[in-house]
Amino acid sequence: GRSRLRAVLRRFNPDAQLIEATRGNVDADRVLGTRLFELSKAEQHPEWLKEARIGEHTPESVEYGISSFTFRSLRPFHPERLRALA
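Cut-offs applied
- Residues numbered from 1 in each chain as written.
- Predicted model: local features only at pLDDT ≥ 70, side-chain atom pairs only at ≥ 80, totals over all residues.
- Heavy atoms only, no water.
- Salt bridge = Lys/Arg side-chain N within 4 Å of Asp/Glu carboxyl O.
- Helix = DSSP H or I, 4+ residues; strand = E, 2+ residues; numbered from the N terminus.
- Buried < 20%, exposed > 50% of the residue type's maximum accessible area, 1.4 Å probe, protein only.

1. Regarding the pattern of salt bridges
Here is step 1: Counted according to the given criterion, the structure contains four salt bridges.
Here is step 2: Two residues, Arg6 and Glu20, come together in a salt bridge whose shortest N-O distance is 3.2 Å. With a gap of 14 residues between them, Arg6 in helix α1 (residues 2–12) and Glu20 in the loop between α1 and α2 (39–42) connect regions that are remote in the sequence.
Here is step 3: Close ionic contact of Asp15 with Lys41 constitutes a salt bridge, the shortest N to O distance being 2.4 Å. One end of the pair, Asp15, is in the loop between α1 and α2; the other, Lys41, is in helix α2, and 26 residues separate them in sequence.
Here is step 4: For Asp15, a relative accessible area of 55% corresponds to the exposed category.
Here is step 5: According to the relative accessible area criterion, Lys41 is partly exposed, its value standing at 44%.
Here is step 6: Connected through shared salt-bridge partners, Arg2, Arg6 and Glu20 make up one network.

2. Points about the environment of Gln44
Here is step 1: Checked against the element boundaries, Gln44 lands in the loop between α2 and α3 (60–63).
Here is step 2: Distance from Gln44 to Gly24, taken between C-alpha atoms, is 29 Å for residues 20 residues apart in sequence.

Given below as C-alpha cells:
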C-alpha cells in the first residue's frame, strides 16, 4: 500500500518532501516557492539531464511502437464504410 510506495519513493530521493494528493489537488504553496531545489545537488545525480543528452533517451514512439498520421479531406468519412473498418 502507501507505506510500500513511500519506501520506493524514498529510495529515489531520500530528501524529497512527499506530498499526498487526491486527483492532483495540492495547495500551490506546498510546491511553489519552496526553495527546496538545489542545482548543485541535482547535478550530482547520475540521471541528471539524461533526457537531454544525445543517445541516452529512447523516444516513447520508438519504445512503445506508437505512430500516428493525420487524414485531411474536404469530404467527411462515410459513416457506414467507417464503421465497417472499425
